[in-house]
Amino acid sequence: MILFLAAVLVVVLLLNRQATAGRTPIEDAYISLEPAAGEAGTMINVTGGGWQPGESVLIYLVESGTNNTDGVVYANAVAGDEGQISASFPYPQSEPWSRGQTAVVLAMGLRSGDSARAAFQVAPGATETAVPPTETLSPTDVPPTDVPPTAMPEAPTAVPPTATQVPPTATQVPPTATQVPPTATQVPPTATRVPPTATPVQIVDWRGEYYDNRDLIGSPRVRNDVKIDFDWGAGSPMQGIPADNFSARWTRRLNFEARTYRFFLRVDDGARLWVDGQLLIDAWADGAVRTVTADRTMTAGQHDVRVEMYERSGDATIAFWREVVESYPDWKGEYYNNRDLAGSPVLVRNDKNVDFNWGTGAPASGLPADNFSARWTRNVDLSAGLYRFTVQVDDGVRLWVDGKLLIDRWHDGTATYTADVNLSGGTHALRMEYYEHTGGAMARLSWAKQQATITDWKGEYFNNPDLAGKPVLVRNDKNVDFDWGTGAPASGLPADNFSVRWTRNVDFENGYYRFCVRADDGVSVEMDDQKPFIRSWTDGHKEQCAEVFVSEGRHKVRVEYYERGANARIHFGWEKLNLTSVPDGTFRRLDLPVWTETPLGMAIDSQQEYQAFLLRQGVHVIDGQRAPEAPVRWEDEVLLGYFMGQRPKEGVRLETTRIAYNGQVVIVRLKQATLTADDQGTPPAAGSSWTAAVRWSALPKGTLTFRFYDLQGRLLAEDTAVNPHK
């Protein structure tokens with residue numbers, strides 16, 4: 001045993017020296033193993049350096065004799081800032097790795113393509129081995145001799161543990177002078193107890209590795225997946241993995257013929273496909289469900305296939321399949337001599353269109369006129385938009401677009417069915433299945449892009465939260481009043497991370513309007529391409545209103561919205577305010593030589609409040625003048641004032657155009673006026689404020705909100721005061 005372990009150690013040292021020979025430690029990627037030898041099931045720690053910072057490094061096993069790998073990623077690591085990596089995995093206990101041999105641990109960088117190897121010597125594990133009994137034989141007829149009889153052992157001989165069976169050994173006893181009866185020494189089997197190990201996941205199909213993050217980082221949950229064809233919707237792929245922000249990797253060795261294959265991935269959000277370590281499909285980006293393809297000519301035999309995907313939010317879908325590329329430039333039609341699409345098709349051909357009316361005849365020689373079925377498949381390139389698919393059949397039909405079942409009428413009868421779906425620009429997979437029972441047989445399929453007729457709101461829907469690029473969907477929306485919950489606003493759009501822009505031309509009467517919006521998440525409202533009067537472009541629920549003066553005529557109203565995650569809703573509308581104007585003679589304009597450093601609107605209802613206002617920081621009296629007394633009858637009037645927040649300019653001041661109220665809200669509408677000298681040539685007084693004394697009796701009772709607006713309807717400031725009159 002000692003000699004065996006010594007030999008193992010020598011081999012390991014030689015192999016490790018060969019594996020790292022010629023490496024430049026500073027520039028070349030390298031790895032080392034700890035331990036470098038052990039039995040199946042040994043936990044191997046892989047460390048190394050020289051990798052690109054931040055790149056993912058995958059760990060494989062390679063047979064030293066054949067240089068083959070099973071395609072399984074046994075561990076992965078992300079290189080640190082200085083290019084160092086660290087990962088660990090248990091050495092597999094399954095064939096061919098469990099045999100006593102030298103295996104090579106291969107590390108490969110996903111971004112750089114760099115690779116490094118290190119040898120691992122697999123020691124044969126001790127197992128319970130039955131040792132056959134060793135018989136000691138003596139002749140039955142021994143002539144007399146002077147040689148004394150051979151002494152036999154008194155106890156069974158202990159046999160050390162061994163990995164091979166010990167064959168029966170015949171021991172020839174020399175002749176003796178006495179008759180020695182035959183003696184059989186039974187050697188009992190020697191058992192060496194093997195410590196229990198964790199039962200590994202039995203991978204017979206796809207090795208599925210599921211990560212609780214979008215970057216395939218850390219220790220995955222592993223299971224056997226019979227096929228890669230999942231539509232988890234808004235759910236989780238398995239226990240312990242979240243419904244959003246997860247990733248998965250599948251690896252398998254598949255057998256191919258020497259032909260050209262088309263590889264398919266259907267995914268929401270991102271996916272990648274490797275064949276024999278070569279990246280064939282790279283769709284590693286957020287997006288609604290879509291199908292991407294790549295062709296490759298394969299050699300006969302087994303090839304390593306790896307599929308990776310990630311899900312950010314909303315629905316999650318992934319499917320992989322492959323097809324031999326045949327000469328089907330249009331529709332691949334597969335015809336069956338039964339109604340169930342069962343078994344192998346009797347006929348496979350290229351069909352220019354799915355547009356057949358066979359009547360009571362058969363679709364082709366060798367097929368029956370009744371009780372047959374067919375499947376048509378095709379990939380078509382379509383621009384983004386709303387499409388209407390129409391099927392006309394006798395009897396049953398099913399139609400899929402990008403793996404989604406749109407029409408399911410699998411029953412007898414003659415009918416025409418339609419389905420609308422919003423599609424992103426690109427390649428889309430179509431599949432139609434059909435069966436004929438008895439009587440006439442007909443199967444027709446067509447589609448057309450729908451041009452939205454906009455009579456209300458023009459809704460432009462984007463598959464991102466930034467209103468970027470071209471909209472996936474443009475449609476007429478009766479109102480901006482939606483509560484989508486956790487669902488998507490339409491087919492072809494995600495449930496999260498989307499945005500919408502609504503625009504509409506509206507005829508308004510002259511007056512004040514209150515616009516209100518309730519949204520989750522961000523929202524913005526504007527008119528005539530001016531600065532938004534409502535804007536809260538942040539995540540979360542909000543409710544906002546704004547009073548805006550709108551002149552008579554047609555105005556363009558625009559509402560923009562984005563949804564980040566969880567519930568999605570938006571409700572928008574407006575109402576005209578029925579304002580009551582304050583009668584002429586109930587208020588009078590006052591000239592106060594006061595200016596403020598910042599814009600300020602106030603409703604001052606007492607001499608004490610007025611004096612406190614004059615003493616506030618940032619309030620100034622115009623040069624050369626004394627602090628003015630306000631000519632206000634405080635018991636009957638309130639002083640309304642708006643200050644522009646700048647030093648006065650000669651001949652410029654604010655004037656009122658109207659004071660009105662709606663309920664407990666008082667609207668004060670202002671404009672900036674330019675004054676001229678009087679007839680005697682006296683220059684006009686400078687002023688940057690508007691003030692007026694308004695009778696309390698002309699205003700509603702109770703607590704009032706005073707709002708100051710400019711001519712464009714923008715809210716400048718607001719203040720509150722209590723009308724003391726009963």
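Residues numbered from 1 in each chain as written. Predicted model: local features only at pLDDT ≥ 70, side-chain atom pairs only at ≥ 80, totals over all residues. Heavy atoms only, no water.

Undergrad: I tried to follow the overall build of the chain on my own but got confused; where do I start?
TA: What the chain contains, in helices and strands, is two helices and 49 strands. Burial status across the chain gives 44% buried among its 726 residues. The long-range fraction of contacts in the chain, counting pairs at least 24 apart against all pairs at least 6 apart in sequence, stands at 69%. Total accessible area on the chain stands at roughly 36,500 Å², and carbon and sulfur atoms take up 49% of it. (Helix = DSSP H or I, 4+ residues; strand = E, 2+ residues; numbered from the N terminus. Buried < 20%, exposed > 50% of the residue type's maximum accessible area, 1.4 Å probe, protein only. Contact = heavy atoms within 4.5 Å. Areas by Shrake-Rupley, 256 points an atom, 1.4 Å probe, with all protein chains shown as cover.)

Undergrad: When you look at the sheet that holds strand β25 (residues 404-409) in this model, what are you seeing that I'm missing?
TA: Hydrogen bonds between backbone groups are what pair the strands of a sheet, and the pairing can be parallel or antiparallel. Across the sheet, which stays open at both edges, the six strands sit in the order β20-β19-β22-β27-β24-β25 with antiparallel pairing between neighbours. Only two strands of the sheet have a single neighbouring strand rather than two, namely β20 (347-351) and β25. Averaged over all neighbouring strand pairs, the angle between strand axes comes to 15°, with direction disregarded. By the bridge criterion, five bridges tie strand β24 (residues 396-401) to β25 in an arrangement that is antiparallel. Along β25, the bridge assignment pairs R398 with D408. (Pairing = 2+ DSSP bridges. Axes fitted to C-alpha atoms, helices over the stretch in contact; angles between N-to-C directions.)

Undergrad: Would you mind going over empty space enclosed by the protein with me for this structure?
TA: The gaps left among the atoms become clear once a water-sized probe is rolled over them. Summed over all chains, the structure comprises one cavity of 30 Å³ or more. In this structure, the largest cavity spans a volume of roughly 30 Å³. In terms of lining, the largest cavity is formed by L592, M602, I604, F613, L639, L640, G641, F643 and T691. For the lining of the largest cavity, the elements supplying multiple residues, two or more each, are β42 (600-604) and β44 (637-643). In terms of residues, the lining of the largest cavity owes the most to one element, β44, which gives four residues. Here the lining of the largest cavity is composed, by residue class, of seven nonpolar, two polar and no charged. (1 Å grid on protein atoms, 1.4 Å probe; cavity = no way out; pocket = protein on both sides within 12 Å on 5 of 7 lines; lining within 4 Å. Points joined across faces, edges and corners; volume = space filled by probe spheres on them. Nonpolar A, V, L, I, M, F, W, Y, C, P; charged D, E, K, R; others polar.)

Undergrad: How do you make sense of the nonpolar core when you look at a structure like this?
TA: In summary, soluble globular proteins display a tendency toward joint burial of nonpolar side chains. The biggest cluster of nonpolar side chains holds 31 residues, and the ones touching the most others in it are W484, W502, F515, Y561, I570 and F572. At the level of secondary structure, the elements contributing two or more residues to this core comprise β29 (457-462), β31 (481-485), β32 (498-508), β33 (511-520), β34 (522-527), β36 (542-550), β37 (553-563) and β38 (568-576). Of the residues forming this core, the biggest block, five residues, is contributed by β32. Counting residues in each nonpolar core, the second largest holds 30 residues, with W331, W358, V380 and V391 among its members. (Core = buried A, V, L, I, M, F, W, Y, C linked by side-chain atoms within 4.5 Å.)

Undergrad: Any chance you could explain helix α2 (residues 607-614) here in plain terms?
TA: Since the α-helix advances by 3.6 residues per turn, residues separated by three or four positions end up pointing in the same direction. The complete set of buried residues in α2 reads Y610, F613 and L614. The arc enclosing the buried residues of α2, seen along the axis, measures out at 95°, which places them on a common side. (Arc of directions from axis to C-beta.)

Undergrad: Looking at this structure, how should I read the packing of aromatic side chains?
TA: Each aromatic ring pair is described using two quantities: the centre-to-centre distance and the angle formed by the ring planes. For the structure on display, the rule yields 46 aromatic pairs. Taking 6.2 Å as the distance between ring centres and 55° as the angle between the ring planes, the aromatic pair formed by F508 and F515 counts as tilted. Judged by relative accessible area, which is 0%, F515 ranks as buried. Ring geometry for F515 against W574: centres 5.6 Å apart, planes inclined by 40°, an arrangement best described as tilted. (Phe/Tyr/Trp six-rings, centres within 6.5 Å; stacked < 30°, edge-to-face > 60°.)

Undergrad: Honestly, the state of the cysteines in this entry has me stumped. Any pointers?
TA: Should the sulfur atoms of two cysteines be covalently bonded, the bond is a disulfide. Counting across every chain of the model gives one disulfide. What pairs with C516 in a disulfide is C545, and their sulfur atoms sit 2.0 Å apart. Across the disulfide from C516 to C545, rotation about the S-S bond amounts to roughly 115°, and the bridge is consequently right-handed. A residue pair is termed long-range when its members are at least 10 positions apart, and C516 in strand β33 and C545 in strand β36 qualify at 29 residues. For C516, a relative accessible area of 24% translates into the label partly exposed. (Disulfide = S-S within 2.5 Å.)

Undergrad: It is not clear to me how unusual backbone geometry should be interpreted in this structure. Could you clarify?
TA: For residues other than glycine, phi is negative in most cases, and the peptide bonds are mostly trans. Geometrically, the link from D268 to D269 is a cis peptide bond, its omega value of 20° lying close to zero. One can find D269 in the loop between β13 (260-268) and β14 (270-275). Looking along the chain, the bond that leaves D520 and enters D521 is cis, with omega of 25°. As for its position among the elements, D521 is in the loop between β33 and β34.

Undergrad: What should I look at first to understand the confidence of the model for the chain in this one?
TA: Segments scoring low in pLDDT should not have their predicted coordinates read at a detailed level. Confidence along the chain averages 81 in pLDDT terms, with 80% of residues attaining 70 or more. A low-confidence stretch, residues 1-26 stays under pLDDT 50, and its non-local contacts, those more than four residues away or across chains, total 23 contacts. (pLDDT = per-residue confidence, 0-100.)

Undergrad: Would you mind showing me how to read the sheet that holds strand β1 (residues 30-34) here?
TA: Across the sheet, three strands lie side by side as β1-β3-β6; this open sheet has antiparallel pairing. Each of the sheet's edge strands pairs with one partner strand only, and the pair in question is β1 and β6 (85-90). Strand-to-strand, the axes of this sheet are offset by a mean angle of 25°, without reference to chain direction. Strand direction decides the pairing type here: β1 and strand β3 (residues 43-49), joined by five bridges, are antiparallel. Among the inter-strand pairings, I31 is bridged to a residue of β3, identified as G48.

Undergrad: Explain the environment of Q101 to me, please; I cannot follow it from the model alone.
TA: Its location among the elements puts Q101 in the loop between β6 and β7 (102-109). By relative accessible area, Q101 is classed as buried at 18%. Distance from Q101 to Q121, taken between C-alpha atoms, is 6.1 Å for residues 20 residues apart in sequence. Residues in contact with Q101, not counting those within four places in the same chain, are Y91, P96, F120, Q121 and V122.

Undergrad: Sorry, what's going on with the side chain of T251 here?
TA: With respect to the helices and strands, T251 occurs in strand β12 (residues 246-256). A relative accessible area of 2% places T251 in the buried class. Dropping the residues within four chain positions of it, T251 is found in contact with G71, V72, V73, D205, W206, R207, V305 and R306.

Undergrad: Would you mind going over the environment of E323 with me for this structure?
TA: One can find E323 in strand β18 (residues 316-324). Taking relative accessible area as the criterion, E323 reaches 32% and is therefore assigned partly exposed. C-alpha of E323 to C-alpha of Y261: the two residues are 62 residues apart in sequence and 5.5 Å apart in space.

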